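# Per-entry structural report
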Amino acid sequence: MKLVKPKVFLLGYTAVDEDALRDYLDYVQCHEFMESYQEALYIGIHPGEALCSLYAKLCYKSLTAKGNDNVSKVRGIEGNIKGCFDTGHGSVFEHCNLNFVITDCSRVFTHELVRHRVGSAFSQTSGRYVRSDNMSMVLDDPLAHTLKTKDGDLLINVMRRWAEATEEAYNNVVAQFDWDAMKMVDKKKLTSYLRRNLPNGQANEIGVTLNIRSLRHLVQMRTGRHAEWEIRLVFGQIHELVKKKFPLLFHGAKESHVAGLVEVTGMKMQPYEALDMFTDEEVLKEVKRRGI
Ligand SMILES: Cc1cc2nc3c(=O)[nH]c(=O)nc-3n(C[C@H](O)[C@H](O)[C@H](O)COP(=O)(O)OP(=O)(O)OC[C@H]3O[C@@H](n4cnc5c(N)ncnc54)[C@H](O)[C@@H]3O)c2cc1C
C-alpha cells in the first residue's frame with residue numbers, strides 16, 4: 001500500500017485563432033480592437049481572458065468607440081474584464097474553459113468535486129474496468145494531529161495498518177481467480193463486485209474541465225475553511241497554477257491561510273449580491289458606479 005497526495009496539472013485552455021479574429025473584426029469593421037487585443041497580450045493577459053472581454057464588449061457594441069452612438073470612448077480589455085468581475089457580469093466568463101488532471105486523489109475528493117454540476121466536465125478512473133491490486137491511499141494525516149487523541153502518530157499507524165489489511169484481503173480474493181482465462185466482460189463484473197469493499201480513501205485520477213465562472217466559484221467555495229482538507233489542498237494548487245497563466249482571473253480575491261492551506265475569499269459572484277450590506281447612501285453610490 002502506497003501513501004499519496006493529490007497533484008494537479010493544468011493541461012489546456014481555450015485558445016484564440018488570431019486569423020479568424022482578424023477576419024471577424026474586418027467583417028464588422030472593428031479592426032481597431034485587434035490593437036487592443038495585442039496590447040492585452042503584451043501586458044500578460046491570457047487570450048482566453050481577452051476572448052471573454054470580446055464577448056462582453058459585443059453585448060454593448062463596444063469593441064471600438066464607433067460601434068454605439070451612446071458612447072464616445074470604450075475601456076481597454078484589462079479595464080473591461082475587471083469591470084465585469086466587479087459588477088458580477090459572470091456569464092461572459094463561461095466562454096473560456098480550463099482543462100486539468102488531478103492525479104493521486106481519493107474518491108472522497110472526487111465525490112465532492114462532481115457535485116459541481118454547472119460549467120464542468122469530468123472523466124474519472126473506472127472502478128469497474130481497473131483492478132486495484134496495488135492500492136494507493138490518500139489519508140488525512142494532518143487531521144490526526146489536530147484531534148484530542150493521546151497520540152496522533154498512533155492513530156496514523158492504525159489507519160495505515162487498516163488500509164494494508166484491506167489491500168491484503170483484496171489481493172487474497174483476486175488470487176482465487178484465473179483472470180487470464182476470463183473474458184473482459186467477466187473481469188469487469190468481478191472487478192466491479194470487488195470494489196464494493198474498497199475504501200473511500202483509495203487514490204484514483206480525474207480529468208476536470210471548468211469554465212472561468214465556475215472556477216472562481218469553486219476556488220472560493222472549496223478553499224474555504226469549512227471545506228475538507230483534500231479538496232482545499234487541490235483547489236489551493238488549482239489557484240496557484242491558474243494565477244500564473246491568467247493574471248486577471250482572481251480579480252477581487254483576498255488570500256489568507258487557514259490551517260496551513262490557502263483560503264480565497266472576496267470575489268463577487270452575482271450582479272446584485274451584497275448590496276444589502278450597504279447603507280442607502282452607499283447603495284445609491286454603488287448603483288451609480290456600476291451603472292445599474
Ligand atoms: C463545506 C461543505 C459541506 C458540504 N456538505 C454536504 C453534505 O453534507 N451533504 C451533501 O449532500 N452535500 C454537501 N456539500 C455539497 C453542497 O451541498 C453542493 O452540492 C456542492 O457544494 C455543489 O455546489 P453548488 O450547489 O454551488 O453547485 P454548482 O454545480 O457548483 O453550481 C454553481 C451555482 O449554480 C447554481 N445552480 C446550480 N445548480 C442549480 C440548480 N439545479 N438550480 C438552481 N441553481 C443552480 C447555484 O447558484 C450554484 O451555487 C457540502 C459542500 C461544502 C462546501
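About the criteria used
- Residues numbered from 1 in each chain as written.
- Predicted model: local features only at pLDDT ≥ 70, side-chain atom pairs only at ≥ 80, totals over all residues.
- Heavy atoms only, no water.
- Near = heavy atom within 4 Å.
- Polar contact = N/O pair within 3.5 Å; in protein donor to acceptor, adjacent residues only side chain to side chain.
- Areas by Shrake-Rupley, 256 points an atom, 1.4 Å probe, with all protein chains shown as cover.
- Nonpolar A, V, L, I, M, F, W, Y, C, P; charged D, E, K, R; others polar.
- Axes fitted to C-alpha atoms, helices over the stretch in contact; angles between N-to-C directions.
- Helix = DSSP H or I, 4+ residues; strand = E, 2+ residues; numbered from the N terminus.
- Left-handed = near helix turned anticlockwise from the far one by under 90°.
- Contact = heavy atoms within 4.5 Å.
- Pairing = 2+ DSSP bridges.
- Salt bridge = Lys/Arg side-chain N within 4 Å of Asp/Glu carboxyl O.
- Buried < 20%, exposed > 50% of the residue type's maximum accessible area, 1.4 Å probe, protein only.
- Patch = residues over 30% accessible without salt bridge, like charges linked within 9 Å, V, L, I, M, F, W, Y side chains within 5 Å.
- Phe/Tyr/Trp six-rings, centres within 6.5 Å; stacked < 30°, edge-to-face > 60°.
- Lys NZ or Arg CZ within 6 Å of the ring centre and 35° of its normal.

Quick look at the site of the ligand now. What surrounds the ligand is the set Arg 115, His 116, Arg 117, Val 118, His 217, Met 221, Arg 222 and His 226. At a separation of 2.7 Å, an oxygen atom of the ligand approaches a polar side-chain atom of Arg 115. The separation between an oxygen atom of the ligand and a polar side-chain atom of Arg 222 is 3.3 Å. Considering the ligand on its own, with 940 Å² of exposed area, one finds that the protein chains cover 45% of that surface. When grouped by side-chain class, the residues that make up the shell around the ligand number two nonpolar, three polar and three charged.

Let's shift gears to the packing of helix α2 (residues 32–42) against helix α3 (residues 47–59). The geometry of α2 relative to α3 is characterised by a closest axis approach of 10 Å and an angle of 145 degrees between their N-to-C directions. Considering how the two elements wind past one another, α2 and α3 form a crossing that is right-handed. Residue-level inspection shows Phe 33, Tyr 37 and Leu 41 of α2 in contact with α3, the latter providing Pro 47, Ala 50, Leu 54 and Lys 57. When grouped by side-chain class, the residues that make up the contact of α2 with α3 number six nonpolar, no polar and one charged.

Quick look at the sheet that holds strand β6 (residues 203–211) now. With respect to topology, four strands assemble into an open sheet ordered β2-β3-β6-β4, the strand pairing being antiparallel. Only two strands of the sheet have a single neighbouring strand rather than two, namely β2 (7–13) and β4 (120–124). For this sheet, the mean inter-axis angle between neighbouring strands, taken without regard to orientation, is 20 degrees. Here strand β3 (residues 97–106) runs beside β6; their pairing, made up of eight bridges, is antiparallel. Along β6, the bridge assignment pairs Phe 100 with Val 208. Against the sheet, helix α9 (residues 212–222) contacts β3 and β6, and its axis sits at roughly 125 degrees relative to β6. Across the sheet, helix α10 (residues 229–245) is in contact with β2, β3 and β6; its angle to β2 comes to roughly 40 degrees.

Here we come to the pattern of salt bridges. If you walk through the whole model with that rule in mind, you get ten salt bridges. Between Glu 240 and Lys 243 there is a salt bridge, and its shortest N-O distance comes to 3.4 Å. Here Glu 240 and its partner Lys 243 are both found in helix α10, three residues apart, which amounts to about one turn of the helix. The residue Glu 255 makes a salt bridge to Lys 243 at a minimum N-O spacing of 3.1 Å. Highlighted residues: Glu 255 in strand β7 (residues 254–258) and Lys 243 in helix α10, separated in sequence by twelve residues. By relative accessible area, Lys 243 is classed as partly exposed at 29%.

This part covers the side chain of Arg 216. If you trace the backbone, Arg 216 turns up in helix α9. Once residues within four sequence positions are removed from consideration, Arg 216 is found in contact with Phe 85, Leu 249, Phe 250, His 251, Met 267, Lys 268 and Met 269.

Following the sequence through the fold, Lys 82 ends up in helix α4 (residues 77–87). Exposure remark for Lys 82: the relative accessible area of 28% places this residue in the partly exposed category. As a C-alpha pair, Lys 82 and Met 135 span 53 residues in sequence and 46 Å in three-dimensional space. Setting aside residues up to four positions removed in sequence, Lys 82 forms contacts with Leu 248 and His 251.

There is a patch of nonpolar side chains on the surface, built from Tyr 24, Tyr 27, Val 28, Tyr 55 and Leu 58 and spanning about 500 Å² of accessible area. Among the elements of the structure, α1 (18–27) and α3 are those that each provide at least two residues to the nonpolar patch. For Tyr 24, the position within the fold is in helix α1. Taking relative accessible area as the criterion, Tyr 24 reaches 31% and is therefore assigned partly exposed.

Right, let's get into the packing of aromatic side chains. According to the stated counting rule, one finds three aromatic pairs in the structure shown. Arg 131 extends its terminal NZ or CZ atom over the ring of Trp 179, reaching a point 4.1 Å from the ring centre. Between the NZ or CZ atom of Arg 216 and the centre of the ring of Phe 85, over which it lies, the distance is 3.7 Å.

This part takes up α4. Of all the residues in α4, the buried ones are Ile 77, Asn 80, Ile 81, Gly 83, Cys 84 and Phe 85. Elements that come into contact with the buried residues of α4 comprise α2, α3 and α9.

On to unusual backbone geometry. The backbone of Lys 61 shows a phi angle near 50 degrees, a positive value even though the residue is not glycine. Under the relative-accessibility criterion, Lys 61 is labelled exposed at 58%.

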